[in-house]
Structure formats: C-alpha cells, structure tokens
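This is what each chain is made of:
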Amino acid sequence: MVNADMETLAEQVAELIDKSQRLVVFTGAGISTESGIPDFRGKDGIWTKMDPEDFTIQRFVARPEVRKMQWKLLAEGGLLKDARPNIAHYAIAELEKLGKLDCVVTQNIDNLHQLAGNSPEIVFELHGNMQYVRCLGCHRRLPMAEIIARLSVEDLPECEHCKGILKPDAVFFGESLPQLVLSEAARRATQCDLCIVIGSTLVVYPAASIPMYAYDAGAKVVIINIGATPMDSKAAVRIEGKAGETMTKVMRQVKRKMSK
Ligand code: APR
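Residues numbered from 1 in each chain as written. Predicted model: local features only at pLDDT ≥ 70, side-chain atom pairs only at ≥ 80, totals over all residues. Heavy atoms only, no water.

Draft legend 1. Representation of the sheet that holds strand 2 (residues 103-106). An order of 3-2-1-7-8-9 is seen for the 6 strands of this open sheet, with the pairing classed as parallel. Looking at which strands have only one partner, the edges of the open sheet turn out to be strand 3 (123-125) and strand 9 (237-240). The average angle at which neighbouring strand axes cross in this sheet is 15°, direction not considered. Sheet topology note: the strand 8 (residues 220-225)/strand 9 ladder contains 4 bridges and is parallel. By the bridge assignment for strand 9, valine 222 is matched with valine 237. Taken strand by strand, helix 9 (residues 243-259) contacts strand 7 (194-198), strand 8 and strand 9, and its axis lies near 135° from that of strand 8. (Pairing = 2+ DSSP bridges. Helix = DSSP H or I, 4+ residues; strand = E, 2+ residues; numbered from the N terminus. Axes fitted to C-alpha atoms, helices over the stretch in contact; angles between N-to-C directions. Contact = heavy atoms within 4.5 Å.)

Draft legend 2. Expanded view of the sheet that holds strand 6 (residues 166-170). Strand order in the open sheet made by the 3 strands is 5-4-6, with antiparallel pairing throughout. The sheet is open, and its two edges are formed by strand 5 (141-143) and strand 6, each paired on a single side. Going across the sheet, the axis of each strand differs from the next one's by a mean of 45°, ignoring polarity. In terms of strand pairing, strand 4 (residues 128-135) meets strand 5 through 3 bridges, oriented antiparallel. The residue bridging tyrosine 132 from the neighbouring strand is proline 143, located in strand 5. Helix 3 (residues 64-75) contacts strand 4 and strand 6 of the sheet and is inclined by roughly 60° relative to strand 6.

Draft legend 3. Region of interest: the packing of helix 4 (residues 87-97) against helix 9. Relative to each other, helix 4 and helix 9 sit at 30°, their axes nearing to 8 Å. Our classification of the angle between helix 4 and helix 9 gives roughly parallel. Once helix 4 is placed against helix 9, the crossing between them reads as left-handed. In contact with Ile87, Ala88, Ala91, Glu94 and Leu95 of helix 4, helix 9 contributes Ala243, Gly244, Glu245, Met247, Thr248, Met251 and Lys255. Each residue belonging to the contact of helix 4 with helix 9 can be placed in one class, and the counts come to 7 nonpolar, 2 polar and 3 charged. (Parallel < 35°, antiparallel > 145°, perpendicular 65-115°, else oblique. Left-handed = near helix turned anticlockwise from the far one by under 90°. Nonpolar A, V, L, I, M, F, W, Y, C, P; charged D, E, K, R; others polar.)

Draft legend 4. Just the packing of aromatic side chains, in detail. Taken as a whole and assessed by the stated rule, the structure comprises 4 aromatic pairs. Ring centres 5.3 Å apart and planes at 35° place the aromatic pair phenylalanine 40 and tryptophan 47 in the tilted group. Among the aromatic side chains, those forming a connected cluster through ring pairs are Phe40, Trp47, Phe55 and Phe173. Directly above the ring of tyrosine 132 sits arginine 141, whose terminal nitrogen or CZ lies 3.6 Å from the centroid. (Phe/Tyr/Trp six-rings, centres within 6.5 Å; stacked < 30°, edge-to-face > 60°. Lys NZ or Arg CZ within 6 Å of the ring centre and 35° of its normal.)

Draft legend 5. Expanded view of the packing of helix 7 (residues 179-191) against helix 8 (residues 209-216). Where helix 7 contacts helix 8, the two axes come as close as 7 Å, and the packing angle between them is 30°. Judged by the angle between their axes, helix 7 and helix 8 are roughly parallel. Viewed along their axes, helix 7 and helix 8 form a crossing whose handedness is right-handed. On helix 8, the residues touching Leu182, Ala185, Ala186, Ala189 and Thr190 of helix 7 are Ile210, Tyr213 and Ala214.

Draft legend 6. Representation of helix 4 within the structure. Burial in helix 4 covers these residues: Ala88, His89, Ala91, Ile92, Ala93 and Leu95. At the C-terminal side of helix 4, glycine 99 shows a positive phi close to 75°. (Buried < 20%, exposed > 50% of the residue type's maximum accessible area, 1.4 Å probe, protein only.)

Draft legend 7. Structural context of the pattern of salt bridges. Here the structure, examined in full by the defined rule, presents 22 salt bridges. Close ionic contact of glutamate 11 with lysine 257 constitutes a salt bridge, the shortest N to O distance being 2.4 Å. Here glutamate 11 is found in helix 1 (residues 2-19), whereas its partner lysine 257 is found in helix 9, with 246 residues between them in sequence. The class for glutamate 11 is partly exposed, based on a relative accessible area of 26%. Ionic pairing is found between arginine 150 and glutamate 154, a salt bridge with its closest N-O pair at 2.7 Å. (Salt bridge = Lys/Arg side-chain N within 4 Å of Asp/Glu carboxyl O.)

All we've got here are geometric facts, nothing functional implied.
Given below as structure tokens:
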C-alpha cells in the first residue's frame, strides 16, 4: 500500500509540475546523501559526529587547531570525496531540459546540480561552493584543488600573497550569506507558482525562508524528505521518501503527461 501511496503522491506532484509556469526547486543536504555525502541532521549526520561550533567563523579564525582539523578533513576527502550527482540531481537537470524549471536554490556546497547538467546561472548556492578557497586577508579566490595539493606538505595553508587565513568558500555559521545570491533566490521564490523542497530539515535561516517566501506569495509547496519539517502542514503534497526513488517516479509521470 505504501508504494501505491507513493505512486499517487508522485502523480500529484507531476500534475503540479505539468501545470506550473514557474517552478523553483529548493534542495538541502538530503538530496546528496545518495551520492555518498553525509547530511547534517539526519541519521548519522555530520552534526551527530562533529561539533557545529567548530564550523563557526569565529572559532575558525580564532583557533589554528580548528583550521588544521578542517583542512585535514578536506585532505582526506572527508566532506565531499569525489562525489557524483545521483538520480535526484539528474531529475532536476531534466526538468530544466524539459523547460519546466525556473531555478534551483540550494543550501549545498557540493556543486552536484551543476555536474548533473543544470545551467550554473540558474543554480543559486546560498551557502557557497567548496570548489574554491577565499583568503580572509586579501579576498583572493583560489581553486580548492590548488590548496588540497599543498596539504600533503602543509597542515595550515596560508595565502601566498598576504599570509592571510585561507577558508573554504562555503558559508560558515556566523557568516552572512552572499547577498546578491540570497536576494535573487528570494525574488524568484516570490514569483514562482510551485516550490519543491527536496532533502532539507528547513531549520537553518535565512535559507529556510525561501520556501516560505514562495508559500506566502501564493505558490504551492511540495516537500520530499525523510523526516518531518516545520513546513509540512503547509505542503500541498508531502512525500516521506528518498529523493532518488521519489523523483524517478515523479519524472516518469511528468514525461507521460507531456507526451499526451
Ligand atoms: N532522501 C530524502 N531525504 C533525505 C535523504 C534522502 N536520500 N537523506 C537524508 N534526508 C533528509 C534527512 O532526514 C534530513 O531531514 O534530508 C534532511 C537533511 O537535513 P539537514 O541535514 O539539516 O540538511 P540541510 O537542511 O541542508 O541543512 C541546512 O545546515 O548545517 C547547516 O550549512 C549547513 O546547508 C546546511 C544547513
């Protein structure tokens, strides 16, 4: 029966997508767990093993040992490894190819939406991207790969230009989000008619405001997640299920409707 429910709910989501003129997809770490990247608050999430306080900008700047720990994690590939997109990412890229997607707003820093084929100009990364490193002194931006290569001989890389602190170009707790990205994502959310949330607890602000802006502007909200979220009662359709399996069922129905 559960599968039947899933099929029925997937068909309802496909109907909303088919009728939508402006679809915004909002993703969180839950869409990347099937690519081998742990999420934060789900079962076995990163915050069940590490202290989020160690990922505040204050502690990163103040404590060299915290910076060493983070660079060691990155050198070991602990956060992103060489992750590849999964079927849920490819489903969202296919929505763009089918002309059904306005944009993707993501909290993720793993670059997997772009790798799956979504156009970078419609992927709004609210929490930055781990492909780059930023110098907190002279603000130069360097490829992450360049710094990872140095980690075999250095455990605390500094900026070669100004000796400043180097930091992955992801947004740490206590840091503000990239304002232009956030404002454009918010603008798109207030203009969409459908917002599909995939793989997020919707507890971290201001990112979690995005689906709320859509809802408050009259859009329908769909939530696909393993575990409850504070927006569940506002969802037009709520699917308790895996991102990959769910989006596969949804896309099968979307393409069936488009072929009619
Ligand atoms: N399919 C569907 N849902 C999944 C899957 C999956 N395969 N795997 C995990 N989930 C669910 C988890 O159960 C959890 O409810 O995805 C959700 C992920 O929530 P979080 O770990 O809180 O991730 P996110 O919402 O993206 O966190 C927001 O918090 O720590 C900060 O900066 C970090 O961007 C992150 C922000």
